[in-house]
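# Understanding the architecture of this molecule
What follows is each chain in one-letter form.
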Amino acid sequence: MTRRVFVLAATAGSFALLAGAFAFQYIGGMAPCDMCLWQRWPHAAAILIGIVSLAVPGRLLPFLGALAALSTAAIAAYHTGVERGWWEGPTTCTSGPTGGLTPQELLDQIMAAPLVRCDEVAWEMFGLSMASWNMIASLFLMLLWLAAMRQSR
């Protein structure tokens, strides 16, 4: 397979994942949490890199595409850990401790909580959340980008 085929496949993959995220949001009515939104940016960057990479030869752009895919996979892995309770997520995205709070402090914490929390799995398939599936798919896309880089002259 050629560099062009690998670049097209990786770019189309990021486009499909991004389109799927928007479909869940706007067609399925599933609002994203902050960490879900963070995972979209590297896919958008990979799409732009892919478009430019079709016109510009060399290894740099496929390397940057691989880095973008790895970035979203890393964010997704972190998000998966937050969803599974393996570690705490950002305080802007998860529930804080409630022990020892006065009723007013508890009310203030509830009122300041985001509408969509990052530490709750909103959708899953075969026991894996959307963040987990994004991580797996993004690691595969990274391999496509690396193959494109290897095919570059």
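Residues numbered from 1 in each chain as written. Predicted model: local features only at pLDDT ≥ 70, side-chain atom pairs only at ≥ 80, totals over all residues. Heavy atoms only, no water.

### Section: a nonpolar patch on the surface
On the surface, Leu-60, Phe-63, Leu-64, Leu-67, Leu-70 and Leu-139 cluster together to form a nonpolar patch covering roughly 510 Å² of accessible area. Of the residues forming the nonpolar patch, the biggest block, five residues, is contributed by helix α3 (residues 60-84). Mapped onto the elements of the fold, Leu-70 is located in helix α3. What makes Leu-70 partly exposed here is its relative accessible area of 39%. (Patch = residues over 30% accessible without salt bridge, like charges linked within 9 Å, V, L, I, M, F, W, Y side chains within 5 Å. Areas by Shrake-Rupley, 256 points an atom, 1.4 Å probe, with all protein chains shown as cover. Salt bridge = Lys/Arg side-chain N within 4 Å of Asp/Glu carboxyl O. Helix = DSSP H or I, 4+ residues; strand = E, 2+ residues; numbered from the N terminus. Buried < 20%, exposed > 50% of the residue type's maximum accessible area, 1.4 Å probe, protein only.)

### Quick word on the nonpolar core
Within the largest apolar cluster, 15 residues are counted, with the highest numbers of intra-cluster contacts made by Phe-6, Ala-69, Leu-144 and Trp-145. When residues of this core are traced back to their parent elements, those giving at least two are α1 (3-26), α2 (34-55), α3 and α5 (130-151). Contact partners of Trp-145, with chain neighbours within four places excluded, come to Val-7, Ala-10, Thr-11, Ala-46, Ile-49, Gly-50, Leu-61, Pro-62, Gly-65, Ala-66 and Ala-69. (Core = buried A, V, L, I, M, F, W, Y, C linked by side-chain atoms within 4.5 Å. Contact = heavy atoms within 4.5 Å.)

### Looking at the pattern of salt bridges
In total, this model carries one salt bridge according to the counting rule given. A salt bridge links Glu-124 to Arg-84; its shortest N-O distance comes to 3.9 Å. In this pair, Glu-124 is assigned in strand β1 (residues 124-125) and Arg-84 in helix α3, connecting sequence segments 40 residues apart. Residue Arg-84 is classed as partly exposed on the basis of its relative accessible area of 31%.

### Description of α5
Compared with an ideal rise of 1.5 Å per residue, which puts 22 residues at 32 Å, α5 spans 31 Å between its outermost C-alpha atoms and is within 8% of the ideal. Within α5, burial applies to Ala-131, Ser-132, Asn-134, Ser-138, Leu-141, Met-142, Leu-144, Trp-145, Ala-147, Ala-148 and Met-149. Residues of α5 that are buried make contact with α1, α2, α3 and β2 (128-129). (Expected span 1.5 Å × (residues − 1).)

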